[in-house]
Structure formats: C-alpha cells, structure tokens
Amino acid sequence: MILESLERLGDWATYWLGDIGRMGRFLGAAVRGVFRPPFRFRALLGQLREIGANSIGVIFFTALFTGMVLGLQGYYTLRKFGSEGMLGSAVALSLLRELGPVLTALMVTGRAGSAMCAEVGIMRNSEQLDALECMAVDPFRYLIAPKLLATVIAMPALTMIFNVVGIFGGYIAGVELLGVSSGAFMSGMEGSVVDRDIVMGLVKAVVFGVVVVWVCTGRGYFVHRIRGAGFGAEGVSRITTQAVVISSISVLVWDYILTAVLL
Amino acid sequence: MRKLNTDIIVGLFLVTGFLCFVWLSLRLGEFSFLAARNSYVLSAAFDNVSGLKKGAVVEIAGVRIGSVERISLRDDDRAEVALRIDMGVKIGDDAIASIRTKGIIGDKYVRIIPGGSEDYLGDGDRITDTESAVDLEELVSKYIFGDMK
Amino acid sequence: MKNGAVIRLDEVSKGFGSQLVLNRISMDVPRGRTTVIVGGSGQGKSVTLKLILGLMTPDSGRVLVDGEDITRMKKRDLDRVRSRFGVLFQGAALLDSLSVFDNVALPLQERTSLGRDEIRDRVMATLEQLGLTGHENKFPAQLSGGMKKRVGLARALQLEPEIMLFDEPTTGLDPEKTMEIYRLFSETRERFGYTAVIVSHDIPKVFNLADQVVVLNHGRVWSFASPEELQLSDDPEIVGFVRSTMGTIYRSGGVE
C-alpha cells in the first residue's frame, strides 16, 4: 500500500521531470532553428499575418473596453481623494506596465497559440513531422522557427497598439463621459510616464511571446509523449486545452518575475 | 495576388505597431535619446527634495518646460538635482527654483521663476537660488504648537 | 558490399514502458531487392521502420546502413544517411498547409540548389508520371486516400532515393486502388531501381512483389528468402501464422 503510493509518486515525478527536460531542449532547438539557414522569409510573413495582423480586431476591442473600464473605475476611486486629475496617469501606467502586455499575451494565446498547438499536434499525429525529418528537413527550422520569430515581432507591435487603444478608451470614459478635463488627463499622463515604463512593456511583450510559442508548439510537438493525451483528434483537443492553460499561467508567473526584476 | 495581400497586410500591421510605439514614446516617454538634442541640463542644490521623483515636471508659470533627470546627494548633505530643460526656454542667472506640490496629495514638481537678468544659463550651469520642498507635516505641527513666525 | 545487406538490424530491442515490442531481433535488407515485413498489428512493424529511419532509437542493439551505425550518429550525419531514403507514410503525411505542387517540390526546395524553373519542370514531370496532372493546386484535404498516396510517392521519389520504405501502402484503399498502388510500385521500382522495404498486412497480395519476406511475431523475427519458403516452413509458429493469415489466399483466389 505504502510502496504502491511511493511508486506512483516516483512515477509521477519522473514523468514531470522528463517533461520539463523535453520542453527545455525543445526551446533550445527552436531558438537554434531561428538562426539556421536558409531563412524562410515567406513563412515568416505568413505567420506574421496569422499571429499579428489577424489579431488586431480582438486586440482592439479588448483594449478599448479595458481602457474604458480603467477610466470608469479609476475615476470613482480617485474622486474619493479629490484627485481626478491623476486619472490619465493611472490609466496609462496600468496599461503600459501590466495590462497591455499581459492581456495581449492572453489574447494571442487564445487566438494564435491554440491554433499553433493544434496544428503541430495534428502534424505529429499524421506523421508530417516524421516526414519532414525523413526528408532531412529540420522541423524546428522549417516549422517552429517562423512561428517563434513572428510572435516575438508581433507581440510588441500588438502590445503598443493595445496601449494606444486602451489609453483612447480611458480618454473616452474619463473625459468624454465623466467630464474630467482633457488637459488634466493628458498632462497627468505625460507627467508620470517615463521611458522605463514603455521599455518594461516591450520587454514583457517579447518574453511573453516566447513563452506562448514555446508552450503551445511544445505541447503539440510532444502530443505523443504527453500522458493521458491519447491519440487522434481527442488527444489534440486535450493538449490544446492544456497548452492554453499552461501558457496563460506561465504568462502571469513571468509577469510577476519580470515586474519584480524590472521595477 | 494572395502573396501581395500578405505583404501589404503585414506591412500595415508592423507600421501601425511602430507608429503606436513612436506616439507613446514621444508623447509620454520623452525618450532621452530623442530629447537629448533638443534640450540642455541645469543643476540646482536643495536642502530637501522629499517626494520629488526622477521624471517629475519642471514648470515656468504653469507651463511644462522640462523634467527632473537625476537626483543625488552632495558631499555637504544637500540634494543635487539635474533638470533637463527644453531648448529655446531662456532662464536668467538670477532665476529661482522651488519644489512645489500639485494639489494636496499630488506630485511634487519643480517651479522655476525666471529672473530679470539678461545673462542666460547654458548647458551645465547652476541655478543658485533655491527653495526646498514644503514639509506639510512640519507646517501643521508648527501651527498646532503655535510656533509660527 | 555491392550485393550484401544495405540495411542490417543487429540484436535490436525496443520497448515502451513495461511492454517489449522487439526482443533482440536481427534482419538484413539485401540491396536492390524488395523486402516485405509482415506481422499482425502491434507486432512492431512500424517501430522497425522508424528504427531504420532513425526516428526512434533502440533500447539496445545496432541499426546499420551500409555498415554505419545510425543509432549513435550526429544529426548532420543522420541527415546525410536519410537523404538516401524515400518514405511513403501510412497516411501519406503530406503537409496540410501546402498544395500538392508545393508538397512535391519541398524536398527539391529544401535539399537542392535548383532554380525555380527547374524545380517546376521536375515536379510537373513527376506529377504527370503518377497521373496527377491538373491536381497540383489542390490541397491534401481535397484529395482521396489513393491520390494522397500517389502524391506522397511523388514526393518521396523527387530526390531519387536508393532505398524506398513503404508503411502500409494499401491500408484504407479499396481493391482497385490497391492494385493501382502496386502497379505504380512496380513501375517506379523498374525506373529508379531502388531497394524496397514494404511493411504490410495485405497478405497474400503483397507477396507477389516480395523477394524476401520477414515475419514479426511476439517480438521475434523470421526471415525467408522467398514467399514460397515461408509457406513451406515447418516451424510451428510460422505454420500457425500462415494458417491464420493465408486462409484468405484461397478465399480471395476463389473470388478472383
């Protein structure tokens, strides 16, 4: 009885340690794939369109309403202290430092990350990855590297768009709807934001991009090795769910780490 | 046709992202490498800069003319503050720099009262006349204990 | 080595978890001949194929290609060996995101320095030989199973491989399409003269193509110089295997 549960614990630990090791090596191979010629420029463009440009709609509406909610909440909180003039600064700082990169990463996970995971998982199950290897084509260079690079480029761009649209949303709520003076909103924002806030947002966006692609394509790549995933369409749907969950949590964990280091 | 579309869409996407970045940095961040060419630095020593932060606003008559670049401690235990002032703003050598508060709990900022002198300060010069931050707590306690002068 | 074994498995074992799929098996694939590997499902046929391709590493033993052990090879050397192989996967394993043309062109684009026009000419020629003209702009999802296999074959033949591996080439095809695949196999083999390894459970039809037959059963292996030798064997396990699988020979013979 005790031996049995010990055995199960050991089994569980070996599996997860193995899994972490595999994912670590996967990231290494993916990064190496980016620097291995020949470079697939067309594939990069296709991925940029898929991951970046096609996400703009989602990002726009998420950002607009996030900004408006920030304006609304901030206004009622700040009014208690008679500091409605700080509204611009509160909206801009929350967006630039935290909400911009984090919500963009979560949206990209949901839209592009899940699709990436399913695509790679299906390619594994239908032996397409084996076929690439047999043609002596490195799947990391051919398949994973364009996705990684495209996300690392698209994430900062999407984050910046998120920030601007979010500030615009906060302006609508604060200035147009609640009557904070436009000058106070803008100058409060200008007075409190420093270079570091923007740089911090950019660094976060890049790191989150790597995390999202790493987790999502990695889960798909190892669909045959993941316990309880099973084969076929069901296996792919399970690991896709798993990838989205792990990726979202990882983004939040990394957010904490980066904030602690950069602030 | 399909290839062309991808190029254009991706191009537009990246340009939009970059423009947003530029807007944020110019409008809000005052990126130092962009600002460096259009500004000059003055220094001033204060007895107390409590509450003043790097990046705080510098104003003349309520108009923003620059920001606080650096705050450090001098050998004589006074605070040394470097002020980055926009190019084109002329400040006489008899100007007074004082640290003020916006609103009752608002941010600290530096207010400069330009003097009447025709001799203007240039990059690296010093504003000699300064007024330190008003310590609200001290003021209140002085009032309560009837110590007002 | 001219007429010797081009692929040799030496005392190879492979297990998954507690289940041992291959138990110290040894086999030779002679150069220029057609070797058919048969056995029930789950007896390690696909695993054997993946070991030969270096997609899996054995728990013990060696896999030799022209005397070189591929299980201890660096990736670059393995790629060099692999470029001598062509593979037709069970589901054809075409890349879903690429059109038929791009799928067939892929090995040429990635592994050679040919120009666009030359690649185009070569791909169109191969597609024509395999009766795929007019389908080059379709995507794999729009093709039937038999067509996918033909595209897969076209792709595998692009680099003129010395060794062709076929994983269940006829599974999931109706009898007519099955015959067509076998016909294409014979045609292309004649033209390119490759060494062939076919993994199949389409007994007995696949025996028509076989020079050598390898039987995998319960992790063990039996090799026969010809299909006839297999049927004449007096090993009790082989007799049992022949009886259980060859039963169909008479039935299908009766129908045809």
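No experiment lies behind these values; they were computed from the predicted model shown.

Can you walk me through the overall build of chain A in this structure?
From N to C terminus, chain A includes 9 helices and 0 strands. Reading chain A from its N end, one meets helices and strands in the order α-α-α-α-α-α-α-α-α. Seen along its three principal axes, the alpha-carbon backbone of chain A occupies a region of about 65 × 55 × 30 Å. Counting every position in chain A, which comprises 263 residues, the buried fraction comes to 50%. Within chain A, counting contacts between residues at least 6 apart in sequence, those at least 24 apart form 88% of the total.

Got a minute to help me understand the interface of chain B and chain A in this structure?
When the parts of a complex come together, some accessible area is lost, and that lost area is often taken as the interface size. Contact residues are listed per partner, giving 24 residues for chain B and 25 residues for chain A. Of the residues forming the side of chain B that touches chain A, the biggest block, 16 residues, is contributed by helix 1 (residues 2–29) of chain B. Looking at side-chain class alone, the side of chain B that touches chain A contains 12 nonpolar, 9 polar and 3 charged residues.

Quick question: what am I supposed to make of the domain arrangement of chain B here?
When its domains are assigned, chain B resolves into domain 1 (1–30) and domain 2 (38–144). The gap between the C-alpha centroids of domain 1 of chain B and domain 2 of chain B is 39 Å.

I tried to follow the sheet that holds strand 7 (residues 163–167) of chain C on my own but got confused; where do I start?
Paired through backbone hydrogen bonds, the strands of a sheet run either parallel or antiparallel to each other. Residues and elements named next belong to chain C. On the basis of which strands lie adjacent, the open sheet formed by 6 strands has the order 6-7-8-3-9-10 and mixed pairing. This sheet does not close on itself; its edge strands, each paired only once, are strand 6 (85–88) and strand 10 (220–224). For this sheet the average axis-to-axis angle between neighbouring strands, irrespective of direction, equals 15 degrees. Sheet topology places strand 9 (residues 212–217) next to strand 10; 5 bridges connect them, and they run antiparallel. Opposite Val-215, over in strand 10, you have Trp-222 as the bridge partner. Together, strand 3 (34–38), strand 7, strand 8 (195–199) and strand 9 form the strand contacts of helix 1 (residues 45–52), whose direction differs from that of strand 7 by roughly 150 degrees.

Sorry, what's going on with the environment of Ala-5 of chain C here?
Residues and elements named next belong to chain C. With respect to the helices, strands and loops of the structure, Ala-5 is situated in strand 1 (residues 5–16). Accessibility expressed as a C-beta count within 10 Å gives 19 for Ala-5, which makes it partly exposed. Along the chain, Ala-5 and Val-29 lie 24 residues apart, while their C-alpha atoms are 5.2 Å from each other. Beyond its immediate stretch of four places on either side in the chain, Ala-5 contacts Asp-28, Val-29 and Pro-30.

For this particular structure, what's the right way to read helix 8 (residues 195–221) of chain A?
Count 3.6 residues to each turn of an α-helix, and residues three or four apart come out pointing the same way. For helix 8 of chain A, spanning 27 residues, the distance from its first C-alpha to its last is 39 Å, which sits close to the expected 39 Å at 1.5 Å a residue. Burial within helix 8 of chain A is extensive, with 19 of its 27 residues counted as buried.

Quick question: what am I supposed to make of the sheet that holds strand 4 (residues 60–65) of chain C here?
Residue and element names in this part refer to chain C. Taken together, 4 strands build an open sheet; the order of strands is 2-1-4-5 and the sheet is antiparallel. Each edge of the open sheet carries a strand with a single partner, namely strand 2 (19–30) and strand 5 (68–69). Pairing geometry for strand 1 and strand 2, over 8 bridges, is antiparallel. Pairing of Ile-7 across the sheet is with Val-29, part of strand 2. Sitting on the sheet, helix 1 is in contact with strand 1, strand 2 and strand 4, with an inclination near 120 degrees to strand 1.

Explanation requested: the nonpolar core in the structure shown.
Grouped burial of nonpolar side chains is what soluble globular proteins tend to show. Formed by 143 residues in total, the largest nonpolar core has its most connected members in Ile-161 and Val-212 of chain A together with Val-87 and Leu-165 of chain C. Tallying contributions element by element places helix 6 (residues 139–177) of chain A first for this core, with 20 residues. Setting aside residues up to four positions removed in sequence, Val-212 of chain A forms contacts with Ala-105, Val-108, Thr-109, Gly-113, Thr-151, Ser-247 and Val-251 of chain A. Among the nonpolar cores identified, the runner-up in size contains 23 residues, and Leu-52, Val-57, Ala-97 and Ile-127 of chain B belong to it.

What am I meant to see in the interface of chain A and chain C here?
The partner chain C presents 16 residues to the 10 residues of chain A that form the contact. Of the residues belonging to the side of chain A that touches chain C, the class tally is 5 nonpolar, 2 polar and 3 charged.

Rules of the game
Residues numbered from 1 in each chain as written. Chains lettered and ligands numbered in written order. Predicted model: local features only at pLDDT ≥ 70, side-chain atom pairs only at ≥ 80, totals over all residues. Helix = DSSP H or I, 4+ residues; strand = E, 2+ residues; numbered from the N terminus. Buried ≥ 20, exposed ≤ 12 C-beta atoms within 10 Å, placed from the backbone. Contact = placed C-beta atoms within 7 Å. Nonpolar A, V, L, I, M, F, W, Y, C, P; charged D, E, K, R; others polar. Domains from an automatic or database assignment. Pairing = 2+ DSSP bridges. Axes fitted to C-alpha atoms, helices over the stretch in contact; angles between N-to-C directions. Expected span 1.5 Å × (residues − 1). Core = buried A, V, L, I, M, F, W, Y, C linked by C-beta atoms within 7 Å.

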